[in-house]
Amino acid sequence: MPVKTIIEPFRIKSVEPITWTTRKQREELLRAAYYNLFLLPADDVLIDLLTVSGTGAMSTHQWAGVMEGDESYAGGRSFDHFRDSIQDIFGFHPVIPTHQGRAAERILFSVACKKGDVVPSNTHFDTTRANVEFVGAEAVDLVIPEGRQPSLKHPFKGNMDVQALDTLITDVGRERVPLVMLTVTNNSGGGQPVSMENVRAVHKVCRKHGIPLYFDACRFAENAYFIKLREPGYESKTPKRIAQEMFSYGDGCTMSAKKDGMANIGGLLCTNDNLLAQKEKDLLILTEGYPTYGGLAGRDPEAIAIGLQEALHEDYLRYRITSTAYLGNHIAEQGVPIVQPPGGHAVYLDARAFLPHIPQEQFPGVALATELYLEGGIRSVEIGTLMFGAAAKMDLVRLAIPRRVYTQSHIDYVVEVILEVWKNRESIQGLRLSHEARFLRHFTARLEPLVDEPVR
């Protein structure tokens, strides 16, 4: 008979203990962290859903690769394995290793952009936007209208608004648009995928104006699997073949290998422009390292080379997408507002709908995230007004599920905690900022709860 239960496609070989705390302890810990979950000691977090960046579990094959890593400063064979694995999937030449994704972004935008430029994307993530703005360029989000409506179900809410892209380029002038970025999947928009049809349409606009198309490829494997599940004509294709087709429409990419590279550290920068690549390598040498290690230990490219291929295994992707949807569907059935449909790597709570009594300037996403920690020791992250300021179109709380780390019982616990917070949502109060940095303020911001003013 057909088996309906989707099981984890692995066995557990090593375990890491997690620590229980009391609510009173969590209240003290939260005060000490200035109500910023980034500032909490990780040992005081029970279920850590802050990010999937480097927090996954590596496979036995990856750990074997770590032992075989070549630590040569220049020309190590581990770079050859890294390059060959990337070119097998992405097809770009050359390949530049970096210590993580934001380093690839910094190098790309430092070389390709200048003050006054405009960089369109479906939705820039936090480090992407910050690196664009750091060089004086403008980051513009052009996601389709459906992508700004959390409760609306649409198979590809990560799609870029192609007409808006064409209009923007025409309005500002081609000379001010050095490149177009397409984020797959669209992290800031709820982990929503981009269709192959949309990739082709964006590619067509870029070719029309002579502008290179780059991918933010952090979750390319998950995006490929969504295409297989949801886009007609791709049902019988493997995720790897879908990914290869997707990248064939681009001119380069940045990627944090800490996501669908299934590794704990590392990133990559690719381009088909040899002249640009040489400038990028020059900057890499200045700030990251030699082009065959790029700020990484030799063992890390080995782990990434293997992890990129493992991320495309269909049994893994089936488990990955299904287990994320399990969390989203269980809480949505009880009325909890989430971004629909559930994303690939995370479930996103709609904080504005969850806490309608908290205005945007009082950070409803942060208020909800801190309450989840107080209630059950769960750490999540706000993607909204604190992270993006005036550019925030939604206030979301992302529950990012690390790869191959938590079991279904962990997720059942998360469901219970969310439903308890939902039941008591009217008692949650907003917060105000007491300290912020100029860039990426959410990492180090200090907040404090609002105290009800006395009645006059």
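Above this text you will find the structure in question.
Described in the following lines is the structure provided in the data block. Model, not experiment: these values are computed from the prediction.

### Side note on the layout of surface pockets
Right, on to step 1. Within this model, the largest pocket holds a volume of roughly 1,400 Å³.
Right, on to step 2. Forming the walls of the largest pocket are 39 residues, and the residues nearest its centre are S14, G56, A57, R404 and V405.
Right, on to step 3. Among the elements of the structure, helix 2 (60-67) and helix 12 (314-332) are those that each provide at least two residues to the lining of the largest pocket.
Right, on to step 4. Here the lining of the largest pocket gets 3 residues from one element, more than from any other, and that element is helix 2.
Right, on to step 5. Classifying every residue of the lining of the largest pocket gives 18 nonpolar, 12 polar and 9 charged.
Right, on to step 6. Taken as a whole, the second largest pocket spans an internal volume of roughly 400 Å³.
Right, on to step 7. The wall of the second largest pocket is formed by 25 residues, among which T51, S53, R102, F125 and K259 lie closest to the centre.
Right, on to step 8. Residue assignment for the lining of the second largest pocket shows that the elements contributing at least two residues are helix 4 (101-112) and helix 5 (126-134).

### Description of the packing of aromatic side chains
A ring pair, where both rings are aromatic, is described by two values, the distance of the centres and the angle of the planes.
Right, on to step 1. Following the criterion strictly, the structure yields 14 aromatic pairs and no others.
Right, on to step 2. Summarising the aromatic geometry, the rings of W20 and Y413 are spaced 5.9 Å apart at their centres and angled 85° between planes, so their arrangement reads as edge-to-face. One end of the pair, W20, is in the segment before helix 1 (23-32); the other, Y413, is in helix 16 (residues 408-423), and 393 residues separate them in sequence.
Right, on to step 3. What makes W20 exposed here is its relative accessible area of 63%.
Right, on to step 4. Look at F134 and F439: their rings are 5.7 Å apart centre to centre, the planes differ by 70°, and that puts the pair in the edge-to-face class. Taken together, the positions of F134 in helix 5 and F439 in the loop between strand 13 (431-435) and strand 14 (446-449) put the pair 305 residues apart, joining distant regions of the chain.

Reading the values: rules and limits
Residues numbered from 1 in each chain as written. Predicted model: local features only at pLDDT ≥ 70, side-chain atom pairs only at ≥ 80, totals over all residues. Heavy atoms only, no water. 1 Å grid on protein atoms, 1.4 Å probe; cavity = no way out; pocket = protein on both sides within 12 Å on 5 of 7 lines; lining within 4 Å. Points joined across faces, edges and corners; volume = space filled by probe spheres on them. Helix = DSSP H or I, 4+ residues; strand = E, 2+ residues; numbered from the N terminus. Nonpolar A, V, L, I, M, F, W, Y, C, P; charged D, E, K, R; others polar. Phe/Tyr/Trp six-rings, centres within 6.5 Å; stacked < 30°, edge-to-face > 60°. Buried < 20%, exposed > 50% of the residue type's maximum accessible area, 1.4 Å probe, protein only.

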